[in-house]
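Single-letter residue listing:
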2 protein chains.
Amino acid sequence: MSEIPYKIYLDENDLPKAWYNLRADMPIKPAPLLNPTTHQPCTREELAQVFCDELVDQELNVTDPYIPIPDEIRSFYRMYRPSPLTRAYCLEKALGTPARIYYKFEGNNTSGSHKLNSAVAQAYYAKKQGLKGVTTETGAGQWGTALSMACSYFGLDCRVFMVKVSAEQKPHRRQLMGVYGANVTPSPSNTTEAGRRILAEFPGTGGSLGCAISEAVETAVKNPGYRYVLGSVLNQVALHQSVIGLEAKAAMDKYGVKPDVIIGCAGGGSNLAGLIAPFMGEKLRGEADYRFVAVEPMSCPSMTRGKYAYDYCDTGKVCPLAKMYTLGSGFMPAANHAGGLRYHGMSPVLSELYDEGLMEAISVEQTKVFEAAVQFARVEGTLPAPESSHAIRAAIDEALRCKETGEEKTILFGLTGTGYFDMTAYSRFQEGEMSDYCPTDDEIAKSFAMMPDVK
Amino acid sequence: MSEIPYKIYLDENDLPKAWYNLRADMPIKPAPLLNPTTHQPCTREELAQVFCDELVDQELNVTDPYIPIPDEIRSFYRMYRPSPLTRAYCLEKALGTPARIYYKFEGNNTSGSHKLNSAVAQAYYAKKQGLKGVTTETGAGQWGTALSMACSYFGLDCRVFMVKVSAEQKPHRRQLMGVYGANVTPSPSNTTEAGRRILAEFPGTGGSLGCAISEAVETAVKNPGYRYVLGSVLNQVALHQSVIGLEAKAAMDKYGVKPDVIIGCAGGGSNLAGLIAPFMGEKLRGEADYRFVAVEPMSCPSMTRGKYAYDYCDTGKVCPLAKMYTLGSGFMPAANHAGGLRYHGMSPVLSELYDEGLMEAISVEQTKVFEAAVQFARVEGTLPAPESSHAIRAAIDEALRCKETGEEKTILFGLTGTGYFDMTAYSRFQEGEMSDYCPTDDEIAKSFAMMPDVK
């Protein structure tokens, strides 16, 4: 019996008391958000029309390394946190690798993913500000579910614009949000100007995240007592997600374990930014060194094939511009792309770190991702979300390289969620109906051409 | 801050080292299984044609209070056990009750329920005996999923007969078993004599658990190297499920808490038998007193409206006869019945305890069950399985009575699983399409009339 248990649980009192704000330790800060019309940095006042006041402060705060987590949020966190850090003994054995593999599991709550960490924070601040409700978009549905749960807990109205094709393919996700009292509208819809415009131009469209964002923002701005909330990309979300990394680091420290490489999937980047935060902080402060690897789908390769530039965050171009690795806001992954990780851009924090060479990025094919997912499920038990399985793929590949070289590396990856609502995609994979598709250079160039010209 | 945390986790080393065999402490033992033809007690040899050798020993063992858990099983348990005991602070607050509510949560694994506790044990003994594979039936699909996971881990072939109507209504459950490599056949099927007979008699039937059992048993008996395994009802299953109660008791003991009343849902009875085992042991030995409450659906009221008698365990009448509370093997819950808990009989252990007045039983309407489920989900976060929600209903009602009387009772209930694969039922409830139905006395009498005449 090894001295390291299968699951390392922290005590409830070890739940972090403050989020860690990585930006405070970054010598070069992520670029500010710009007003989409004037191309000037957004003021606090401009942002406060869209976002809750306290969240605007967090969005703009690049100096305070720690931001206290309010007691009400910590109380909610206690229902499912600290989440377990698991030693993947069974996977190691199945691979025959000398590597030691750990994963931080964020799927042990009903939303099924890490998204709840930020949802509860954003709902709390909305409630504290005396708002009636919040609006948001959701693609695969994890964020929408998380926000529904958080709003239900705090008694806030929750209006979710769900990408139409997802709403149709995943009726159960939609129903789950309904159980938590959310109002779910397939997007594009006739309820907003942005939706009507897109429907007029593309009558049969299945929608996109960018379009759903435009509708959610418009609804928030036009309804008194409402604000818009977002599940990824933003700095505030990366901040909230730092609980993942703080707990992972505390659990590893408890057993004197230091990861050599830290791997996470990257769609908008919130989970990865949260997982690596305290480790990257040590690296930036020169206290330790780690390798960081972002894993994205080959069908939506924001970092590996995108540009680092100011771009629209949404199709309707109503949101602030963000400087990030982006494929252009017009980019849409091919129809055969399963699961999330389909956003055209990337967290400005991660984008800056990647641009400075502090983090690596790779892209993987989805059939290889599902191969890894099934292999993992069969030995480790847990059925992973397709998104999380991108990290599993990369972790397995790293462990297999260790098998060749004999290196006893310690690998940490983020298992961001479970795949209970992704059985259609699993089934397509099992039946050989899943294919891989990479966008052509022409497709990407076409999408690049629609980016704004920011001096 | 209360001194009792939201979740009480035991250390991995506190995982029970032995199952507790409640029968050893029962002054009156559950009646033996009978050969369906001779009506004589089944011999070890007869049972070994159907079940794995070591499981037959466990089935017949009424004397040893503790049976060691093999290391291989404990290793598997470590992937998801000890499971958390949760203090339902948020539910207590929402109810405004002075009662203290605890629940033992068994849904924190991919099978989504407690069934995995026995599945891994049964798969392990099959592997140890050098078998090629196992057969079983599944209704709602939790047991089939659990067995698929266990067989995948030990490298055993797994053949599941899934009640046809469930296979059609829950394609995702079926697909999930496929991810774990199981071979799933909708039942009744043309692959067995029992199936062909039922199809000839009832061509359009959606199947039943009793029929699927017959097909699984026949397949096991006719294929060399295969045995049949069952997820509930049997004594061996109650034995394996005692880990639930042992952990729950250890967690409560750790904080000096003693439950006044212990509540569980009851279909075949395995979860309830496991949850109450060590507490009932104390009661039988005169060391402590507790109230025990079994909660069953009004649409399948085995204890509250059934007979305590020898009955067939399956529709095809190929299994041994068991003495139990039963509605008759021909009984089928009405079509509007959602979720599991649809078996006509009840664990012989629980049946005997109930008959002696050592345990209470109540039945509840399904709309009231779903009301409780939604209420629980919204405040405690976790989306409960419809089965588990029967216990939630009873726990909430008990807590509301405490609110009236001012009693500060400590309530413990079993939250056996999650409802991710039950969104269709939740949706029917949310949309007001769910109704309550109790079988008429005539319907039950008709089913009673088909029971065997055992002297």
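Before going into details, it helps to say that this report is about the structure given with it. Keep in mind that what you see is a predicted model, and the values were worked out from it rather than measured. (Residues numbered from 1 in each chain as written. Chains lettered and ligands numbered in written order. Predicted model: local features only at pLDDT ≥ 70, side-chain atom pairs only at ≥ 80, totals over all residues. Heavy atoms only, no water.)

### Concerning the overall build of chain A
Within chain A one finds 19 helices and 15 strands. Dimensions of chain A, computed from C-alpha atoms along their principal axes, come out at roughly 60 × 50 × 45 Å. The long-range fraction of contacts in chain A, counting pairs at least 24 apart against all pairs at least 6 apart in sequence, stands at 77%. As displayed, chain A has an accessible area near 15,200 Å², and 50% of this comes from carbon and sulfur atoms. Across chain A, the 45 positively charged side chains and the 53 negatively charged ones have centroids separated by 3 Å. (Helix = DSSP H or I, 4+ residues; strand = E, 2+ residues; numbered from the N terminus. Contact = heavy atoms within 4.5 Å. Areas by Shrake-Rupley, 256 points an atom, 1.4 Å probe, with all protein chains shown as cover. Lys, Arg positive; Asp, Glu negative; His and termini not counted. Charge placed at Lys NZ, Arg CZ, Asp CG, Glu CD.)

### Concerning the interface of chain A and chain B
At the interface, 38 residues of chain A touch 38 residues of chain B. Taken over both partners, the interface formed by chain A and chain B buries close to 3,700 Å², and the fraction arising from carbon and sulfur atoms is 59%. Among the residues of chain A in contact with chain B, Met79, Val179 and Tyr420 of chain A are the three that bury the most area, contributing 19% of the side total. Across the chain A-chain B interface, the total number found is zero salt bridges. Counting across the chain A and chain B interface gives 22 residue pairs in polar contact (both at pLDDT 80 or more). Sorting the residues of the side of chain A that touches chain B by element identifies α6 (142-154), α8 (171-179), α16 (366-380) and α18 (423-430) of chain A as the ones contributing at least two each. Here the side of chain A that touches chain B is composed, by residue class, of 20 nonpolar, 13 polar and five charged. (Buried area = accessible area lost by both parts, 1.4 Å probe. Salt bridge = Lys/Arg side-chain N within 4 Å of Asp/Glu carboxyl O. Polar contact = N/O pair within 3.5 Å; in protein donor to acceptor, adjacent residues only side chain to side chain. Nonpolar A, V, L, I, M, F, W, Y, C, P; charged D, E, K, R; others polar.)

### Concerning the sheet that holds strand β11 (residues 291-297) of chain B
Backbone hydrogen bonds are what pair the strands of a sheet, in a parallel or an antiparallel way. Residue and element names in this part refer to chain B. With mixed pairing, the seven strands of this open sheet are ordered in space as β1-β4-β5-β15-β10-β11-β14. The open sheet is flanked by β1 (7-8) and β14 (360-364), the only strands paired with a single partner. The sheet contact formed by β1 and strand β4 (residues 85-87) spans two bridges and is antiparallel. Across the sheet, residue Ile8 finds its bridge partner in β4, namely Leu85. On the sheet, helix α13 (residues 270-284) packs against β5 (100-105), β10 (261-265), β11 and β15 (410-415) and is oriented at approximately 155° with respect to β10. (Pairing = 2+ DSSP bridges. Axes fitted to C-alpha atoms, helices over the stretch in contact; angles between N-to-C directions.)

### Points about the pairing of strand β13 (residues 321-326) of chain B
Residues and elements named next belong to chain B. A large share of β13 lies buried, amounting to five of its six residues. With six bridges connecting them, strand β12 (residues 307-312) and β13 associate as antiparallel partners. Bridging from a neighbouring strand, Tyr312 pairs with Leu321 of β13. (Buried < 20%, exposed > 50% of the residue type's maximum accessible area, 1.4 Å probe, protein only.)

### Things to note about helix α18 (residues 423-430) of chain B
Looking at α18 of chain B, one finds that the buried residues are Met423, Ala425, Tyr426, Ser427 and Phe429 of chain B. Just downstream of α18 of chain B, Gly432 of chain B is the residue with a positive phi angle, here 70°.

### Digging into the state of the cysteines
What the rule picks out here adds up to zero disulfides over all chains. No disulfide involves Cys151 of chain A; its sulfur sits 4.0 Å from the nearest other cysteine sulfur, which is in Cys158 of chain A. Cys319 of chain B takes part in no disulfide bond, and the closest cysteine sulfur to it belongs to Cys313 of chain B, at a distance of 5.8 Å. Classification of Cys319 of chain B as buried rests on a relative accessible area of 7%. (Disulfide = S-S within 2.5 Å.)

### Some words on the environment of Gly281 of chain B
All names here are of chain B. Tracing the chain through its elements places Gly281 in helix α13. When its relative accessible area of 0% is taken as the criterion, Gly281 is described as buried. Sequence separation between Gly281 and Phe154 is 127 residues; the distance between their C-alpha atoms is 33 Å. In contact with Gly281, not counting residues within four places along its chain, are Tyr20 and Leu22.

### What about the side chain of Glu215 of chain B?
All names here are of chain B. Its location among the elements puts Glu215 in helix α10 (residues 209-222). Buried charged residue Glu215 carries no salt bridge. Nearest counter-charge: Arg196, at 7.5 Å. Here Ser187 takes part through its side chain, which lies 2.6 Å from a polar atom of the side chain of Glu215. Within the structure, the side chain of Glu215 is placed 2.7 Å from the side chain of Thr192, a separation counted as a polar contact. In this structure, Glu215 is in contact with Phe161, Ser187, Pro188, Ser189, Thr191, Thr192, Ala194 and Gly195, ignoring residues within four places of it in sequence.

### A closer look at the packing of α6 of chain A against α8 of chain A
All names here are of chain A. Packing of α6 against α8 leaves a shortest axis separation of 8 Å and a crossing angle of 10°. By the criterion of interaxial angle, the relationship of α6 to α8 is roughly parallel. At the point where α6 passes α8, the crossing takes the left-handed sense. Touching Gln142, Gly144, Thr145 and Ser148 of α6 are Arg173, Leu176 and Met177, all from α8. A breakdown of the residues in the contact of α6 with α8 according to their chemical character gives two nonpolar, four polar and one charged. (Parallel < 35°, antiparallel > 145°, perpendicular 65-115°, else oblique. Left-handed = near helix turned anticlockwise from the far one by under 90°.)

### Re the sheet that holds strand β7 (residues 157-163) of chain A
Residues and elements named next belong to chain A. Ordered by their spatial adjacency, four strands build an open sheet running β8-β7-β6-β9, and the pairing between neighbours is parallel. Both edges of this open sheet fall to β8 (183-187) and β9 (226-228), since each of them pairs with a single strand only. On average, adjacent strands in this sheet sit at an angle of 25° to one another, irrespective of strand direction.

### A look at the relation of the copies chain A and chain B
Take chain A, turn it by 180°, move it 0.0 Å along the axis, and it overlays chain B with an RMSD of 0.0 Å. Interpreted geometrically, this transformation is the action of a two-fold axis. A shared binding surface is used by both copies, with 100% of the interface residues of chain A retained as interface residues in chain B. (Least-squares fit on C-alpha atoms with pLDDT ≥ 70 in both.)

### Quick notes on helix α15 (residues 348-355) of chain A
All names here are of chain A. Of all the eight residues making up α15, seven are buried; the element is thus mostly covered by neighbouring parts of the structure. Among the residues making up α15, those that are buried are Pro348, Val349, Leu350, Ser351, Glu352, Leu353 and Tyr354. Contacts made by the buried residues of α15 are with α11 (235-240), α13 (270-284), α14 (302-305), β12 (307-312), β13 (321-326) and β14 (360-364).

### With respect to the environment of Phe421 of chain A
Along the chain, the position of Phe421 of chain A falls in the loop between β15 (410-415) and α18. The sequence separation of Phe421 of chain A and Gly339 of chain A amounts to 82 residues, and the corresponding C-alpha distance is 9.8 Å. Beyond its immediate sequence surroundings of up to four residues, Phe421 of chain A is in contact with Lys170, His172, Arg173 and Leu176 of chain A together with Tyr420 and Met423 of chain B.

Functional significance is not addressed by these values, which are geometric in nature.
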